[in-house]
Amino acid sequence: MEEIYAKFVSQKISKTRWRPLPPGSLQTAETFATGSWDNEENYISLWSIGDFGNLDSDGGFEGDHQLLCDIRHHGDVMDLQFFDQERIVAASSTGCVTVFLHHPNNQTLSVNQQWTTAHYHTGPGSPSYSSAPCTGVVCNNPEIVTVGEDGRINLFRADHKEAVRTIDNADSSTLHAVTFLRTPEILTVNSIGQLKIWDFRQQGNEPSQILSLTGDRVPLHCVDRHPNQQHVVATGGQDGMLSIWDVRQGTMPVSLLKAHEAEMWEVHFHPSNPEHLFTCSEDGSLWHWDASTDVPEKSSLFHQGRSSTFLSHSISNQANVHQSVISSWLSTDPAKDRIEITSLLPSRSLSVNTLDVLGPCLVCGTDAEAIYVTRHLFS
């Protein structure tokens, strides 16, 4: 992989996301959004990656990410997702969910829509009203799902003033992240190590399925669904472990992989090459996991530390499934149990809070007030 370029932006970056490309586009990603946290004033910013290659005074490559526009954001940016090419949804530590609209003709951002009391501990209107951080958001146009520290799940629709559906006491603990499985189904992770699947077609307030790692109750911070195999999800949490789950089978993870030395903040399957997965951590590291099986004998930083007890329940069910259909992340063949891990950042510093991948491009943001970008992930 070629150089990864740093740009120092004088704000701690909590979230970063590539702007999606139009369907059928052959371009590579060139615009990304960032959100900040723990600053006196926080911002949502849009950047263009521009050209690269200026050597800075330390002999490193200086990234030429150009700031296109920014807008103040009330509270810490807890999550950030593009709704479409022009709109960005931001989750705030104040419990507010805001849709920002980008105006490319004059390069400005404006507030398009806002749900100010999406998440709260005690209700709006009561004298003891207290907001709760909105911790996660996921979009599937026209729907926006949010989760929060209040254990609440909201289903919003763009251009609707009120929530379409709210599950008030979805969880007695903090919900940390959410992803869509299939359109009416979402999956949440919480602060006591549980994955819960919710089906919006069902009227009740109960999850349709609960998965967890028995005994541990380690808080889970992030989740991502395999882009082609909707039953495969990856999670990361406080212990830095990477867990791969098959939601069709049992209630335990298929693989438990020893990973970072501190909290894993985000995990992302590559959207078009899902044998590649990316994680970032409080320990200051950013890792590229390569599980592609076309390399016969890979040298690996370590052999996958998978305990046979976690694998036993999944092997019997897979015996009759055509081998090539099984995701490489679910493979239980010991000969293929090598995953190549590459550290993408030159040196560890403060927490890497966020990352995103699209095509050959990767962006990540850190507490060291830096944004790193590379445009050649697989070269």
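As shown above, the structure is provided for reference.
Okay, so let's go over this structure.

Reading the values: rules and limits
Residues numbered from 1 in each chain as written. Predicted model: local features only at pLDDT ≥ 70, side-chain atom pairs only at ≥ 80, totals over all residues. Heavy atoms only, no water. Helix = DSSP H or I, 4+ residues; strand = E, 2+ residues; numbered from the N terminus. Buried < 20%, exposed > 50% of the residue type's maximum accessible area, 1.4 Å probe, protein only. Contact = heavy atoms within 4.5 Å. Areas by Shrake-Rupley, 256 points an atom, 1.4 Å probe, with all protein chains shown as cover. Pairing = 2+ DSSP bridges. Axes fitted to C-alpha atoms, helices over the stretch in contact; angles between N-to-C directions. Salt bridge = Lys/Arg side-chain N within 4 Å of Asp/Glu carboxyl O.

1. Looking at the overall build of the protein
Then comes step 1: For the protein, the count of helices and strands is 1 helix and 32 strands.
Then comes step 2: Looking at the protein as a whole, 53% of its 379 residues qualify as buried.
Then comes step 3: A separation threshold of at least 6 residues defines the contact pool for the protein, and within that pool the share at least 24 residues apart is 53%.
Then comes step 4: Surface accessibility of the protein: about 16300 Å² in total, with carbon and sulfur atoms responsible for 48%.

2. What to know about the sheet that holds strand β4 (residues 42–48)
Sheets are built from strands that pair by backbone hydrogen bonding, the pairs being arranged parallel or antiparallel.
Then comes step 1: Across the sheet, 4 strands lie side by side as β2-β3-β4-β7; this open sheet has antiparallel pairing. Since the sheet does not close on itself, it has two edges, and those belong to β2 (13–18) and β7 (66–73), each with one partner. For this sheet the average axis-to-axis angle between neighbouring strands, irrespective of direction, equals 20°.
Then comes step 2: Strand direction decides the pairing type here: β4 and β7, joined by 7 bridges, are antiparallel. Across the sheet, Trp47 pairs through a bridge with Leu67, a residue of β7.

3. Overview of the sheet that holds strand β11 (residues 108–115)
Then comes step 1: The strand order across the open sheet built from 4 strands is β8-β9-β10-β11, with neighbouring strands paired in antiparallel fashion. Strand pairing shows two members of the sheet lacking a second neighbour, β8 (77–82) and β11, which therefore form its edges. Strand after strand, the sheet turns through a mean of 25° between neighbouring axes, direction not considered.

4. Quick look at the pattern of salt bridges
Opposite charge on two side chains lets them pair, provided their charged atoms get close.
Then comes step 1: Going through the model one piece at a time under the given rule, you end up with 13 salt bridges.
Then comes step 2: For Asp38, the salt bridge goes to Lys12, with nearest N and O atoms at 2.6 Å. Placement of Asp38 in the loop between β3 (31–36) and β4 and of Lys12 in the loop between β1 (5–8) and β2 is noted, with a sequence separation of 26 residues between them.
Then comes step 3: With relative accessibility at 22%, the residue Lys12 sits in the partly exposed group.
Then comes step 4: Residues Arg72 and Glu41 are paired through a salt bridge, measuring 3.2 Å at the closest nitrogen-oxygen approach. Linking Arg72 in strand β7 with Glu41 in the loop between β3 and β4, this pair joins segments that are 31 residues apart in sequence.
Then comes step 5: According to the relative accessible area criterion, Arg72 is exposed, its value standing at 53%.

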